[in-house]
Amino acid sequence: MLFIVSFFFIFQRRQTQNRQEKAAMQAAFQQEILQTQLEVQNLTMQQLGRELHDNIGQLLSVLRINLNVLEEMVEDESTKSQISESNQIVEQTIADVRALTKSLDGDFVKDFGLIDSLSHELQRIRKTRRYQTEITISGTPYSLGYQHEIVLFRMAQEVINNALKHAAATILHVSVVYEPTNFEIRIKDNGKGFDYEGVMKNEFAKSGAGLRNIQRRAELVGGKCIVESKIKEGTTVCIKIEHFSLRS
């Protein structure tokens, strides 16, 4: 009888260990998948940035030179004025393309940090004159490390893009909070809002895939993503990392 009881407990313990090991392997596998997705995304964005800079940027520069030559050749003042206005538009487009390439380049985050990258992104959006953007910083900024900061920056980019594209927002406010063992990015918009609970209950292929992806990325850096939204009242997305020592 004692042998049977001992065997049962040993069997139960091994079963528990096997379940724990399986869960750990699944978690590690998910982490590897997410990390690979992020690396692919960064490479894709960097390649796109280089294509924009090398091809579109050069074509626009050539167009600007041709406009300058044409402006010198014509004598009609009205035509000259139109060419000059077109030249200014091209010049602004070149500046916008350069700003966009920086936004796509992950090395920009590595070189200048999370705050400057977020500020640059919001400034780029604000320059379109279609949106109002603002960023506020609380606490003393510190480095979270490139791996954490590039993930957080890409998440913020996706949240901002969703607010502009899907929520039809015109006002964006980003607040970044630095505390000794806690970090937070809060992105608030004045868009049309949505039924968060309803969206998350939908099938993955229908809707909510972007939100789930953002939440998984937050988990990748040991954080969580909290979404608060009400129809016609806008949306707030909060990305939190708690109880860490990233500077160690």
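Scroll up for the structure.
Residues numbered from 1 in each chain as written. Predicted model: local features only at pLDDT ≥ 70, side-chain atom pairs only at ≥ 80, totals over all residues. Heavy atoms only, no water.

S.K.: Describe the overall build of the chain, with residues and values.
M.R.: From N to C terminus, the chain includes six helices and five strands. N-terminal to C-terminal, the α/β element order of the chain is α-α-α-β-α-β-β-α-α-β-β. Within the chain, contacts between residues at least 6 apart in sequence are counted, and of these 64% link residues at least 24 apart. Put simply, the chain shows about 15,800 Å² of open surface, and 54% of that area lies on carbon and sulfur atoms. (Helix = DSSP H or I, 4+ residues; strand = E, 2+ residues; numbered from the N terminus. Contact = heavy atoms within 4.5 Å. Areas by Shrake-Rupley, 256 points an atom, 1.4 Å probe, with all protein chains shown as cover.)

S.K.: Before we move on, could you go through the state of the cysteines and cite the residues and values that matter?
M.R.: Scanning all chains against the criterion turns up zero disulfides. With no disulfide of its own, Cys-225 lies closest to Cys-238 among cysteine sulfurs, the gap being 7.9 Å. On the basis of relative accessibility, which here comes to 3%, the residue Cys-238 falls in the buried class. (Disulfide = S-S within 2.5 Å. Buried < 20%, exposed > 50% of the residue type's maximum accessible area, 1.4 Å probe, protein only.)

S.K.: How would you summarise the packing of aromatic side chains if you had to cite specific residues and measurements?
M.R.: To describe a pair of aromatic rings, one takes the distance between the centres and the angle between the planes. One pass over the full model with this rule turns up three aromatic pairs. Here Tyr-178 and Phe-183 contribute two aromatic rings whose centre-to-centre distance is 5.2 Å and whose plane-to-plane angle is 65 degrees, an arrangement assigned as edge-to-face. Both residues of the pair, Tyr-178 and Phe-183, belong to the buried class. An aromatic cluster of at least three residues, connected via ring pairs, comprises Tyr-142, Tyr-178 and Phe-183. Of note, Lys-110 hangs over the ring of Tyr-146, and the distance from its end group to the ring centre comes to 4.9 Å. (Phe/Tyr/Trp six-rings, centres within 6.5 Å; stacked < 30°, edge-to-face > 60°. Lys NZ or Arg CZ within 6 Å of the ring centre and 35° of its normal.)

S.K.: Quick one: what's the story with the nonpolar core, residue by residue and with numbers?
M.R.: Leu-152, Val-176, Phe-183 and Ile-185 are the most contacted members of the largest nonpolar core, which totals 39 residues. Going through the elements one at a time, α3 (106-126), α4 (146-165), β2 (171-178), β3 (182-189), α5 (196-201), α6 (209-220), β4 (223-230) and β5 (234-242) are the ones with two or more residues in this core. Here this core gets 10 residues from one element, more than from any other, and that element is α4. Leaving out residues up to four positions away in the same chain, Leu-152 has contacts with Leu-114, Leu-144, Phe-183, Ile-185, Ile-239 and Ile-241. Listed in part, the seven residues of the second largest apolar core include Leu-60, Val-74, Ile-83 and Val-97. (Core = buried A, V, L, I, M, F, W, Y, C linked by side-chain atoms within 4.5 Å.)

S.K.: Before we move on, could you go through the sheet that holds β4 and cite the residues and values that matter?
M.R.: Strand order across the open sheet formed by five strands is β1-β2-β3-β5-β4, with mixed pairing between neighbours. Each end of this open sheet is capped by a strand with a single partner; those strands are β1 (132-138) and β4. On average, each strand axis in the sheet is inclined to that of its neighbour by 10 degrees, with strand direction left out of account. Pairing geometry for β1 and β2, over seven bridges, is parallel. Each bridged residue has a counterpart across the sheet, and for Thr-136 the counterpart in β2 is Ser-175. (Pairing = 2+ DSSP bridges. Axes fitted to C-alpha atoms, helices over the stretch in contact; angles between N-to-C directions.)

S.K.: Pulling in residues and values, what's your account of the pairing of β5?
M.R.: Counting buried positions along β5 gives seven out of nine residues, so the element sits mostly inside the fold. Strand direction decides the pairing type here: β3 and β5, joined by eight bridges, are antiparallel. Within β5, the position partnered with Ile-187 by the bridge is Val-237. Across eight bridges, β4 lies against β5 in antiparallel orientation. Bridge pairing in β5 places Lys-230 opposite Gly-234.

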